[in-house]
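Read off the chains here:
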Amino acid sequence: MSKFSKYIFGIIIFLITFIIYNFTLSKTVYYTDAGEIASAAYYLGIAHPTGYPLFTIFAHIWSYLPISNSIIHSFNIFATFLVAISSSIIFFVIYEILSNINFNSYKIF
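Predicted model only: the values in this text are computed from it and were never measured. (Residues numbered from 1 in each chain as written. Predicted model: local features only at pLDDT ≥ 70, side-chain atom pairs only at ≥ 80, totals over all residues. Heavy atoms only, no water.)

Asks: Quick question: what am I supposed to make of the overall build of the protein chain here?
Replies: The helix and strand inventory of the protein chain stands at 4 helices and 0 strands. Starting at the N terminus and ending at the C terminus, the protein chain contains elements arranged as α-α-α-α. A compact globule built from 109 residues should have a C-alpha radius of gyration of about 13 Å, whereas the protein chain, at 19 Å, is more than 25% larger. With respect to the principal axes defined by its C-alpha atoms, the protein chain has extents near 60 × 30 × 25 Å. Expressed as a percentage of its 109 residues, the buried residues of the protein chain come to 23%. Relative to all contacts within the protein chain whose residues are 6 or more apart in sequence, the contacts with residues 24 or more apart total 59%. When the accessible surface of the protein chain is totalled, it reaches about 8200 Å², and 72% of it is carbon and sulfur. (Helix = DSSP H or I, 4+ residues; strand = E, 2+ residues; numbered from the N terminus. Rg over C-alpha atoms; globule rule 2.2 N^0.38 Å. Buried < 20%, exposed > 50% of the residue type's maximum accessible area, 1.4 Å probe, protein only. Contact = heavy atoms within 4.5 Å. Areas by Shrake-Rupley, 256 points an atom, 1.4 Å probe, with all protein chains shown as cover.)

Have a look at this one:
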């Protein structure tokens, strides 16, 4: 597999994951901590421990983008974006691990 096709697969995995999550995301506050985390991100407050500082800062920056009329919906799209990015990163990590293994040196029987 060439390096170019590796990146194409990573982009395809990102797009498929983003589209599937985007169809299933909630447009409002749904369950337990979502409202607390969203308000902490919007006002740059502190959520309960551990506080999620990196998510809070990046979600606050994301809230300035004109993506949705609702801040909660915008934060859910941000979470969808993060899941899609992490699924692509997992693909690249697994690809690098498997490409560095010499399968011919392993004998099963």
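And the narrative resumes.
Asks: What is the right way to read helix H4 (residues 71-99) from this model?
Replies: Every α-helix carries 3.6 residues per turn, so stepping three or four residues along brings you back to the same face. The end-to-end C-alpha distance of H4 is 42 Å, a good match for the 42 Å that 29 residues give at a rise of 1.5 Å each. In this structure Ser 70 caps H4, since a side-chain oxygen of it lies 3.3 Å from the backbone nitrogen of Ile 72. (Expected span 1.5 Å × (residues − 1). Polar contact = N/O pair within 3.5 Å; in protein donor to acceptor, adjacent residues only side chain to side chain.)

Asks: Would you take a moment to explain the side chain of Thr 17 for this structure?
Replies: With respect to the helices and strands, the residue Thr 17 is situated in helix H1 (residues 3-24). Residue Thr 17 is classed as buried on the basis of its relative accessible area, which comes to 15%. For Thr 17, the side chain forms a polar contact with the main-chain oxygen of Ile 13, separated by 2.7 Å. Looking at Thr 17, its side chain comes within polar contact range of the side chain of Ser 87, at 3.3 Å. Those residues in contact with Thr 17, other than ones at most four positions away along the chain, are Val 83, Ala 84 and Ser 87.

Asks: Can you walk me through the nonpolar core in this structure?
Replies: Soluble, globular proteins show a tendency: their nonpolar side chains are buried together. Formed by Leu 25, Ala 38, Ala 41, Ala 59, Trp 62, Phe 75, Ile 77 and Phe 78, the largest nonpolar core amounts to 8 residues. Of all the secondary-structure elements, those providing two or more residues to this core are helix H2 (34-43), helix H3 (53-62) and H4. The biggest single contributor to this core is H4, with 3 residues. (Core = buried A, V, L, I, M, F, W, Y, C linked by side-chain atoms within 4.5 Å.)

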